[in-house]
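Below are the chains, spelled out letter by letter.
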Amino acid sequence: MHVQPRRFFIGALTLSLALPLAACGSEQPKTRNDDNSIGLLLPDKAERYDDFDRRIMASKIASRCLECKLAYRNAAGDVETQRRQFEEMVDRGVRVIVLDAVDSRAAGPWVDAAAKKGVKVVAYDRLAEGAIAAHVSYDNEKIGELQAEGLLTALGTRAATARVLMLNGSPSDPNAVSFKKGAHAVLDHKVGRIVYEKDIPGWSVPLARKKITEAVNTLGPTGFDAVYAANDGMAGAAAEVLEKSGTHLPLGGQDAELTALQRLVKGVQTFTVYKEVRPEAQTAGEIAVDLLQGKSIGYLTPTTVASKSHSHIPAKLFSARIVTRKNMADTVIRDGAVRADLICTKDLKADCAALGIE
């Protein structure tokens with residue numbers, strides 16, 4: 001899924017500078033002698049990808065396979081760039097590719113073509129179309145349900161008559177489709193009605209800001225009682241617009257971004273959803289090594305998922321957690337996902353102290 005940049009700190013993670021990582025964008029000689037290489041293709045320049053996903057996965061691969069090399073590329077949000085990066089790896093003889101697709105549907109033909117050449121593709125974080133060998137992510141319908149339940153909790157006794165505004169993620173992202181499905185499974189039966197709903201292509205924050213401004217202008221600042229935002233970037237846009245209109249109401253997001261955690265401390269955003277990167281990246285690295293070595297991955301993939309083109313794809317789906325201002329210290333801070341001092345800037349010191357975050 002697409003996420004906005006976020007800052008984390010994981011004190012326990014150390015990596016040798018000698019770890020053989022291919023630099024993003026560097027030129028690589030075309031050779032078909034990469035039998036010990038695992039490709040990693042990440043979708044954009046969000047800080048989590050370089051700072052955490054890549055490094056954690058690289059560390060796990062190195063611990064499992066001393067001779068293995070990680071060939072890394074980042075598409076910077078461009079589908080055509082990612083296609084070229086993918087095909088270059090296949091041409092070089094890379095036998096396993098971990099792919100977080102910019103556009104899951106567009107990736108289908110590349111994945112199928114690679115599979116015919118014996119290349120195994122692990123769909124990472126979001127499920128791509130095509131003959132995927134394995135998928136590692138979070139249970140995204142359950143995340144949507146979790147977000148909806150967070151709104152219901154915040155609304156309390158008002159939930160049954162509440163009017164909800166929904167800003168969904170990109171319709172081209174299967175994760176966003178699952179978040180939306182999960183959220184509706186709860187909200188459609190527990191709130192008064194959905195008074196405004198838009199899908200936001202590309203998870204565009206400017207577009208989300210435009211749409212919620214449109215909603216406020218159309219419905220009025222008192223025309224809805226809660227806002228569902230599929231991620232923290234869009235929740236931030238909603239918070240800005242609501243603040244300008246003098247409206248304060250339940251607002252949820254996802255990704256546990258630093259700025260979202262600060263909004264929680266301020267009381268501007270009600271909750272976010274925390275998906276820990278470490279287990280996801282480590283599992284993807286383990287699966288990649290086992291596929292490269294021709295081993296079974298059954299012990300790592302206890303369930304299956306289906307895309308529009310394929311069914312029974314071996315998968316590992318992790319569970320996420322709701323984070324509020326009250327449990328922040330016992331979740332993201334305790335886990336080392338973010339440092340308390342980064343959240344508690346000078347203007348938030350008093351609020352942090354009141355919450356026991358020091």
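Up top is the structure.
Every value quoted in this text rests on a predicted model; they were computed, and no experiment measured them. Each chain has its residues counted from 1, running along the sequence as written. A pLDDT threshold of at least 70 governs which residues receive local features in this predicted model, and a stricter bar of 80 or more applies before side-chain atom pairs are shown or counted, although totals over entire chains, interfaces and linings include all residues. Excluding hydrogens and water, the side-chain values take into account all heavy atoms of the structure.

### Digging into the packing of aromatic side chains
Reasoning step 1: Here a pair means two rings of Phe, Tyr or Trp (six-membered ring of Trp) with centres within 6.5 Å. Their orientation is stacked below 30 degrees between planes, edge-to-face above 60, and tilted elsewhere. All chains considered together, the criterion is met by three aromatic pairs.
Reasoning step 2: Ring geometry for Phe-86 versus Trp-110: centroids 5.8 Å apart, planes at 50°, classification tilted. Pair noted here: Phe-86 is in helix α2 (residues 79-92) and Trp-110 is in helix α3 (residues 108-116), with a separation of 24 residues, a long-range link. Here Phe-86 matches Trp-110 in class, with each residue buried.
Reasoning step 3: Considering the side-chain rings of Phe-179 and Trp-203, the 6.3 Å spacing of their centres and the 70° angle between planes classify their relative orientation as edge-to-face. Residue Phe-179 is located in helix α5 (residues 174-190), and its partner Trp-203 is located in the loop between β7 (193-199) and α6 (205-219); the two are separated by 24 residues in the primary sequence.
Reasoning step 4: Taking relative accessible area as the criterion, Phe-179 reaches 1% and is therefore assigned buried. Helix numbers and strand numbers start at the N terminus; a helix is a DSSP run of H or I with at least 4 residues, a strand a run of E with at least 2. Each residue is assigned to one of three classes by its accessible area relative to the maximum for its type, calculated with a 1.4 Å probe on protein chains only: buried under 20%, partly exposed between the two thresholds, exposed over 50%.

### Some details on the pattern of salt bridges
Side chains that carry opposite charge are capable of pairing whenever their charged atoms lie near each other.
Reasoning step 1: By salt bridge we mean one thing: a side-chain nitrogen of Lys or Arg within 4 Å of a carboxyl oxygen of Asp or Glu. The tally for this structure, following the rule as stated, stands at 18 salt bridges.
Reasoning step 2: The partner of Arg-64 in a salt bridge is Asp-290, and the shortest N-O contact between them spans 2.5 Å. Taken together, the residues span a long stretch of sequence, with Arg-64 in helix α1 (residues 47-64) and Asp-290 in helix α9 (residues 277-292) at a distance of 226 residues.
Reasoning step 3: Three or more residues are tied together by salt bridges with common partners; here these are Arg-64, Glu-286 and Asp-290.

### A word on the layout of surface pockets
Reasoning step 1: The rule is simple: put a 1 Å grid over the protein atoms alone, call a set of points where a 1.4 Å probe fits but cannot get out a cavity, call an open set with protein on both sides within 12 Å along at least five of seven lines a pocket, and count a residue as lining if it has an atom within 4 Å of a point. Grid points are joined across faces, edges and corners, and a volume is the space filled by probe spheres set on the points. Looking at the largest pocket, its volume works out to about 510 Å³.
Reasoning step 2: Around the largest pocket, the lining comprises 23 residues; the ones closest to its centre are Leu-127, Pro-174, Asn-175, Ser-178 and Ala-306.
Reasoning step 3: At the level of elements, β5 (134-138), α4 (140-155) and α5 are the ones that each hand at least two residues to the lining of the largest pocket.
Reasoning step 4: Top contributing element to the lining of the largest pocket by residue count: α5, with five residues.
Reasoning step 5: Residue classes follow a fixed rule: Ala, Val, Leu, Ile, Met, Phe, Trp, Tyr, Cys and Pro count as nonpolar, while Asp, Glu, Lys and Arg count as charged, and any other residue, Gly among them, counts as polar. For the lining of the largest pocket, the per-class residue count stands at eight nonpolar, eight polar and seven charged.

### Points about the environment of Met-166
Reasoning step 1: By the secondary structure assignment, Met-166 is in strand β6 (residues 163-168).
Reasoning step 2: Between the C-alpha atoms of Met-166 and Glu-197, which are 31 residues apart in sequence, the distance is 4.6 Å.
Reasoning step 3: Only heavy atoms matter for contacts: two residues are in contact if any of them lie within 4.5 Å across the pair. Setting aside residues no more than four positions away along its own chain, Met-166 makes contact with Ala-183, His-184, Leu-187, Ile-194, Tyr-196, Glu-197, Lys-198 and Tyr-228.

### What about the sheet that holds strand β8 (residues 226-229)?
Reasoning step 1: Strand pairing is assigned whenever DSSP detects at least two bridges linking the two strands. Spatially, four strands are ordered β7-β6-β8-β9 in an open sheet, and the strand pairing comes out parallel. Among the strands making up the open sheet, the edge pair consists of β7 and β9 (251-252).
Reasoning step 2: One ladder, built from four bridges, connects β6 with β8; its direction is parallel. Bridge pairing in β8 places Leu-167 opposite Ala-229.
Reasoning step 3: Fitted lines through C-alpha atoms serve as axes, helices being fitted only where they are in contact, and the angles separating the N-to-C directions of these axes extend from 0 to 180 degrees. In the packing of α4 onto the sheet, contacts are made with β6, β8 and β9, and the angle to β8 comes to roughly 165°.

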